Amino acid sequence: MKKFFIKSAVLVIGLGAFVFASCTSDELTENVEVFSIEEIQQSIVLDELTADVNTILDQDDLDEEFSAKGSATSGVAACAVRTVESTATQRRVTIDFGTGCLGENQKEYAGKIIILYQKTAVGVSKTVGFDGFSINKNKIEGMQFVAFRKANDAGNPVSAITYDIKITLVSGDAISRKGRRVREKIRGNDTRALGDDVFGINGAWESSDKQGVAKRITITKKIIKANACKFLVRGSVEITKNEMKATLDFGNGSCDNIAILTDSKGNQREITLKD
């Protein structure tokens, strides 16, 4: 079957929204043409925001280990106030960013994230809610439920994340995301630093745009995300929209901005990933 590669195409990939730009080549299949530039721009923001929420939860895991010392600040941002309320069976953590608080990543947080920790037989569960919460004025609503296990059979910590969230962008567009991911930390668990963490991710989710059109993403080969690299370095996903399907492969582990898109007819394109 004929295969071809085009480097000028643009794709944005995070752990939730996978879209690619249309191209004028007559040889390209209709799969490419159902995605718009607007979707790409929105997906860039959406991916960054959901990744930032996960970073906050990761950092609070570290803060939680030392909460007995009575820390009143969050490791996410020095200007955020972390309040802990404990009972015999659970612990409620509120991270309050106020009306505007600049994090160490130079992003502005506002409002509150509320995390309800409960012990389980193998670790801890976290029910996460948002109260007027925003990142760079993009509002996040809804909930996440995280079942955290300190060690799986390989000795690695694992988080099973179920989420149903709505993000209202600065532009006013509202996008929903619903699904489940299993996130295993396969490297970096021996340090408190976040920069050396490497995760293996499986799962599937749906995202709906402002017109209510749904895209479904299914990880078909475990995604590898290294915090030291801004791109996904390994794994593949199946993308479905309007009954059209394509597969995207992120490569062999190198930190680069290249992925290979394969359409339903077996045609291939080299895709340049964007932040």
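These figures come from a predicted structure and were not determined experimentally. (Residues numbered from 1 in each chain as written. Predicted model: local features only at pLDDT ≥ 70, side-chain atom pairs only at ≥ 80, totals over all residues. Heavy atoms only, no water.)

## Brief notes about the overall build of the chain
Next, step 1: When its secondary structure is counted, the chain shows one helix and 17 strands.
Next, step 2: For the chain, the proportion of its 275 residues judged to be buried stands at 48%.
Next, step 3: In the chain, the share of contacts with a sequence separation of at least 24, taken over all contacts with a separation of at least 6, comes to 44%.
Next, step 4: Approximately 13300 Å² of the chain is accessible, and the part contributed by carbon and sulfur atoms is 50%. (Helix = DSSP H or I, 4+ residues; strand = E, 2+ residues; numbered from the N terminus. Buried < 20%, exposed > 50% of the residue type's maximum accessible area, 1.4 Å probe, protein only. Contact = heavy atoms within 4.5 Å. Areas by Shrake-Rupley, 256 points an atom, 1.4 Å probe, with all protein chains shown as cover.)

## Focus on the layout of surface pockets
Next, step 1: Each pocket or cavity is described by its volume, and for the second largest pocket that value is around 780 Å³.
Next, step 2: In this structure, the second largest pocket is lined by 31 residues; those nearest its centre are D61, E64, V124, F148 and K150.
Next, step 3: Listed by contribution, the elements that provide at least two residues to the lining of the second largest pocket are α1 (37–65), β5 (90–96), β7 (108–119), β8 (123–135), β10 (158–168) and β11 (174–187).
Next, step 4: Here the lining of the second largest pocket is composed, by residue class, of 10 nonpolar, nine polar and 12 charged. (1 Å grid on protein atoms, 1.4 Å probe; cavity = no way out; pocket = protein on both sides within 12 Å on 5 of 7 lines; lining within 4 Å. Points joined across faces, edges and corners; volume = space filled by probe spheres on them. Nonpolar A, V, L, I, M, F, W, Y, C, P; charged D, E, K, R; others polar.)

## A look at the pattern of salt bridges
Next, step 1: Tallying each qualifying case throughout the model produces nine salt bridges.
Next, step 2: Between K107 and D52 there is a salt bridge, with its nearest N and O atoms 2.9 Å apart. Linking K107 in the loop between β6 (101–102) and β7 with D52 in helix α1, this pair joins segments that are 55 residues apart in sequence. Each member of the pair, K107 as well as D52, carries the same accessibility label: buried.
Next, step 3: A salt bridge links K137 to E108; its shortest N-O distance comes to 3.5 Å. Of this pair, K137 sits in the loop between β8 and β9 (138–149) while E108 sits in strand β7, placing them 29 residues apart in sequence.
Next, step 4: Assessed through its relative accessible area of 61%, K137 is described here as exposed. (Salt bridge = Lys/Arg side-chain N within 4 Å of Asp/Glu carboxyl O.)

## Focus: the state of the cysteines
Next, step 1: On inspection of all chains with the given rule, the structure shows two disulfides.
Next, step 2: Across the disulfide from C79 sits C101; the S-S distance is 1.9 Å. When the S-S torsion is 100°, as for the bridge of C79 with C101, the disulfide is right-handed. Of this pair, C79 sits in strand β4 (residues 77–86) while C101 sits in strand β6; the two residues are 22 residues apart in sequence, bridging distant segments of the chain.
Next, step 3: Residue C79 is classed as partly exposed on the basis of its relative accessible area, which comes to 41%. (Disulfide = S-S within 2.5 Å.)

## Some words on the nonpolar core
Next, step 1: Counting residues in hydrophobic clusters, the biggest one holds 45 residues, and the most contacted among them are F97 and F133.
Next, step 2: Those residues within four positions of F133 in sequence are excluded, and the remaining contacts are V53, I56, F97, Y109, A110, G111, K112, I113, N138, K139 and I140. (Core = buried A, V, L, I, M, F, W, Y, C linked by side-chain atoms within 4.5 Å.)

## Section: the packing of aromatic side chains
Next, step 1: Summed over the entire model, instances satisfying the criterion amount to four aromatic pairs.
Next, step 2: Ring centres 5.9 Å apart and planes at 50° place the aromatic pair F97 and F133 in the tilted group. Residue F97 is found in the loop between β5 and β6, and its partner F133 is found in strand β8; the two are separated by 36 residues along the sequence. Judged on exposure class, the residue F97 and its partner F133 are both buried.
Next, step 3: For the cation-ring pair, K126 lies above F148, with the distance from its terminal atom to the ring centre recorded as 5.8 Å.
Next, step 4: Here the basic side chain of R183 rests over the ring of F199, its NZ or CZ set 3.8 Å away from the ring centre. (Phe/Tyr/Trp six-rings, centres within 6.5 Å; stacked < 30°, edge-to-face > 60°. Lys NZ or Arg CZ within 6 Å of the ring centre and 35° of its normal.)

## Some remarks on the side chain of Q59
Next, step 1: The topology assignment puts Q59 in helix α1.
Next, step 2: A relative accessible area of 12% means that Q59 is categorised as buried.
Next, step 3: In contact with Q59, other than residues within four places in its own chain, are G75, V76, R192 and L194.

## Let's talk about the confidence of the model for the chain
Next, step 1: Residues at a pLDDT of 70 or more form 79% of the chain, whose mean pLDDT is 79.
Next, step 2: This stretch, residues 1–35, has a pLDDT under 50; its non-local contacts, to residues over four places away or in other chains, come to 122 contacts. (pLDDT = per-residue confidence, 0-100.)

## Describing the pairing of strand β16 (residues 258–263)
Next, step 1: Residues A259, L261 and D263 line the buried face of β16, whereas the alternating positions I258, I260 and T262 sit on a face that is not buried.
Next, step 2: The sheet contact formed by strand β15 (residues 244–252) and β16 spans four bridges and is antiparallel. Of the residues in β16, the one forming a bridge with L248 is L261. (Pairing = 2+ DSSP bridges.)

## Comments concerning the environment of I219
Next, step 1: By the element assignment, I219 lies in strand β13 (residues 214–226).
Next, step 2: Among the residues examined, I219 registers a relative accessible area of 9% and is labelled buried.
Next, step 3: With 20 residues separating them along the chain, I219 and I239 place their C-alpha atoms 8.9 Å apart.
Next, step 4: For I219, the contacting residues outside a window of four places in its chain are I201, N202, G203, W205, S236 and V237.

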